[in-house]
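Residues per chain, in single letters:
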Amino acid sequence: MRVEDLLIESARRAPNKVALITETRQLTYDDLDRESDRLAAALHRRGVSRGDRVVLFLDNCWEAVVAIYATLKAGAVFSPINPSTKVEKLAFVLRNCRPTAIVTLGRLLPVAHEAMRSAPSVKVVVATGAGGRDDGVLDLADAILSDAEPVARPAGIELDLAMIIYTSGSTGVPKGVVMTHQNIVAAATSITTYLESTPDDIVLNVLPISFDYGLYQVLMALKVGATLVLEKSFAYPQAVLNVAEKYKVTGFPLVPTMAALLLQMKNLKPGALPSLRYLTNTAAALPPAHILRLQELFPHAKLFSMYGLTECKRCTWLPPAELGRRTSSVGIPIPGTEAWIVDDDGNRVGPGVVGELVIRGPHVMKGYWENPEATDKVLKPGPFPWEKVLYTGDLFKMDERGFLYFVARKDDIIKSRGEKVSPKEIETVLHMLPGVREAVVIGVPDPVLGMAVKAIVSLEPGAALGSRDVLRHCSQHLEDFMVPKSVEFRQELAKSDNGKIDRRSIAAEFTEAAE
Amino acid sequence: MPSLSPEIVQSVRVFIAENFLFREDRDAIGDHESLIEANIIDSTGVLELVAFLEQEFGINVDDGEIVPENLDSIAAISGYVARKRAQEAA
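Basis of the calculations
Residues numbered from 1 in each chain as written. Chains lettered and ligands numbered in written order. Predicted model: local features only at pLDDT ≥ 70, side-chain atom pairs only at ≥ 80, totals over all residues. Helix = DSSP H or I, 4+ residues; strand = E, 2+ residues; numbered from the N terminus. Buried ≥ 20, exposed ≤ 12 C-beta atoms within 10 Å, placed from the backbone. Contact = placed C-beta atoms within 7 Å. Domains from an automatic or database assignment. Nonpolar A, V, L, I, M, F, W, Y, C, P; charged D, E, K, R; others polar. pLDDT = per-residue confidence, 0-100. Axes fitted to C-alpha atoms, helices over the stretch in contact; angles between N-to-C directions. Parallel < 35°, antiparallel > 145°, perpendicular 65-115°, else oblique. Left-handed = near helix turned anticlockwise from the far one by under 90°. Pairing = 2+ DSSP bridges. Expected span 1.5 Å × (residues − 1). Right-handed = clockwise from strand over helix to strand, strands pointing away.

A.B. asks: So what's going on with the environment of Leu-71 of chain B? Which residues, and what values?
C.D. replies: Residues and elements named next belong to chain B. Take Leu-71: it is sitting in helix α3 (residues 68-71). With 25 C-beta atoms packed within 10 Å, Leu-71 lands in the buried category. The residues contacting Leu-71, other than those within four sequence positions of it, are Val-46, Leu-49, Ile-66, Ala-76, Ile-77 and Tyr-80.

A.B. asks: Tell me about the domain arrangement of chain A, and name the residues and values.
C.D. replies: All names here are of chain A. Here the domain parsing of chain A yields domain 1 (3-16 + 29-189), domain 2 (234-409) and domain 3 (414-514). Those elements giving two or more residues to the side of domain 1 that touches domain 2 turn out to be α4 (87-97), β8 (161-167), β9 (175-180) and α7 (181-194). When its residues are assigned to classes, the side of domain 1 that touches domain 2 shows eight nonpolar, seven polar and one charged.

A.B. asks: How would you sum up the confidence of the model for chain B? Please name residues and give values.
C.D. replies: Per-residue confidence for chain B gives a mean pLDDT of 83, with 88% of residues at or over 70. At the level of individual helices and strands, chain B shows its lowest average pLDDT in helix α1 (residues 6-19) of chain B, which scores 85, and its highest in α3 of chain B, which scores 92.

A.B. asks: Summarise the packing of helix α10 (residues 256-263) of chain A against helix α11 (residues 288-297) of chain A; cite the residues concerned and give the values.
C.D. replies: Residues and elements named next belong to chain A. One way to put it is that α10 packs onto α11 with a least axis distance of 10 Å and a crossing angle of 60°. With respect to their mutual orientation, α10 and α11 come out oblique. The two elements α10 and α11 cross, and the hand of that crossing is left-handed. Within the contact between the two elements, α10 uses Ala-259, Ala-260 and Leu-263 and α11 uses His-290, Arg-293 and Leu-294. Here the contact of α10 with α11 is built from residues that sort into four nonpolar, one polar and one charged.

A.B. asks: Provide a residue-level description of the interface of chain A and chain B, including the pertinent values.
C.D. replies: Listed as interface residues are 16 residues of chain A and, on the opposing side, 14 residues of chain B. For the side of chain A that touches chain B, the secondary structure elements donating two or more residues are α9 (237-246) and α14 (467-477) of chain A. The element that contributes the greatest number of residues to the side of chain A that touches chain B is α14 of chain A, accounting for three residues. For the side of chain A that touches chain B, a count of residues per class yields eight nonpolar, five polar and three charged.

A.B. asks: Any chance you could break down the pairing of strand β21 (residues 388-398) of chain A for me, citing the residues and the numbers?
C.D. replies: Residues and elements named next belong to chain A. Where strand β18 (residues 355-360) lies against β21, four bridges are found, and the strand directions are antiparallel. Within β21, the position partnered with Ile-359 by the bridge is Leu-390. As judged from the three bridges shared by strand β20 (residues 379-381) and β21, these two strands associate in the antiparallel manner. Its bridge partner being in β21, Lys-380 is matched across the sheet by Val-389. The antiparallel hairpin formed by β20 and β21 contains six residues in its connecting segment. Pairing of β21 with strand β22 (residues 404-409), which is carried by five bridges, proceeds in the antiparallel orientation. Within β22, the residue paired with Leu-395 across the bridge is Ala-408.

A.B. asks: Break down the environment of Val-407 of chain A for me, with residues and values.
C.D. replies: All names here are of chain A. Inspection of the secondary structure assignment puts Val-407 in strand β22. Placed 53 residues apart in sequence, Val-407 and Val-354 show a C-alpha to C-alpha distance of 7.6 Å. Every residue in contact with Val-407, bar those within four places of it in the chain, is listed here: Val-354, Leu-395, Phe-396 and Lys-397.

A.B. asks: Describe helix α4 (residues 74-89) of chain B, and please don't skip the residues or the numbers.
C.D. replies: Residues and elements named next belong to chain B. Between its first and last C-alpha atoms α4 spans 22 Å; for 16 residues at 1.5 Å apiece the expected length is 22 Å, and the two agree. Taken together, the buried positions of α4 are Ile-74, Ala-76, Ile-77, Ser-78, Gly-79, Tyr-80, Val-81 and Lys-84. Looking at the packing, one finds that the buried side of α4 touches α1, α2 (43-57) and α3.

A.B. asks: Now, about the pairing of strand β27 (residues 486-489) of chain A: what can you tell me, with residues and values included?
C.D. replies: Residues and elements named next belong to chain A. As judged from the four bridges shared by strand β26 (residues 450-459) and β27, these two strands associate in the parallel manner. If you follow Lys-454 over to β27, its bridge partner there is Ser-486. The parallel pair β26 and β27, bridged by α14, forms a crossover whose chirality is right-handed.

A.B. asks: Lay out the packing of α1 of chain B against α4 of chain B in plain terms, naming residues and giving numbers.
C.D. replies: All names here are of chain B. It is the contact of α1 with α4, at a shortest axis distance of 9 Å, that shows an interaxial angle of 125°. Judged by the angle between their axes, α1 and α4 are oblique. Handedness of the crossing formed by α1 with α4: right-handed. Contact residues: Ile-8, Val-9, Val-12 and Arg-13 in α1; Ile-74, Ile-77, Ser-78, Val-81 and Ala-82 in α4. Tallied by class, the residues present in the contact of α1 with α4 amount to seven nonpolar, one polar and one charged.

Written out as structure tokens, the structure reads:
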């Protein structure tokens, strides 16, 4: 089964059912199926062929959902990119995966065009609200309203590449996680199994679809034939709750920052959203106090604590019945997969011993796009000679019953607002600012963000930079969630014995201060 | 559309410029431009904005009023603040 077949099947079963609700439009399954057929045909006619990449530089809009399935129906591979991505990083992605086409928003066209100057592979540009232009940009609405016959779908099998999703790496260079159709269908099937998803579900997604947790809300809802309510952000929790109430949503995926914002709302009373069947949390652990308060607010909803990484989508889930007994556990491997913990020599360890978590299953990625060196560091030989297993880089321990507990990351990646932030990537940007001599970026505990990104900088003699100058520079070069929340200036940054900046000891100052 | 209070618009503009607006074309932000769509403000930014409005203009912002219709542009904020002040003075 290929990913687009899941939509086609759902559309065949219930063509007139509402599949997608956004602020501007409601689409039935039939609408989505036909419009993605037409956009696929438009892409195909302009030269997008089997195996080509299509970058989706879009926010949470209905066009993004159409574009995902259109890309797959054209036999191509989609790569969703966060709409706050700046020119340099987008240009890196375009040079890295060499897409034939890019689909974007009218307002993001200047960024896309600037990035394309160093990326000659892009031949086709599709944008929303681009009607009446004469520069070759195809208007997305025109493409899907055309009467042209859909083209025959190119032959493709489930082992084909479906998606490249970029993730921050500890080296500061983004890596493209490569997923086949089979990988995605396996992950979506496993997750909808334990969530007991049904066609009656109405799932509210505010997480960016450039982030796999948000993206899978789309893929899973359309797989089971449910309804997805797609919102652009959680900046206004009250507005999102109004939407949740209006559509009687049954499923609401959260990250800890959203939970913290919900719990700050004074007018949210127990028993709100009576139709809510489940809440999910991943990306980072919820503080136990927040778990208890969420249960009080939504007594009828099951709360699923989960853990995963982009490289296999999801690793573990905690059955809600266990939440009272094992509040801090992220549970057991998702259905159809295995997980175990190893020591530094790769030997399995028993209960209570801390080691690296290893994942085995049909959801494990095929590697990082054209990066065998990075791939070999995380995909290692498994139990069979033809199989690779995923070394997560996360330290875990297990209890006597096999429930897993997250301990720490092995690298310096910061989790802020549920997104992975690479300190190296931000430090590289800081060093581009004239006047900055040394810079280190750490995460400091924050009640809402989980970790807040903090930059500590020393300046060249005579340099006169204030924190606003540093932040402005960062926001011109980094996605929103990577821009530091605070900047501190020091004469000198602490060094370790080998003369390198001692990130760990600097970070420890703040962790200890918070405890 | 009622005319906007220049005093409120100016003070909101300064707050946004100093706290969120790191882009170069800060003067170019339109009175009616969506702060969210322009990537100027995020969820924690909204809470900072609310705290500023309460302090600066002596109003009480209810949770239920923290919605885009009241806060997602300089014009919306200015109108909202003027309405609140009138209400609370009454």
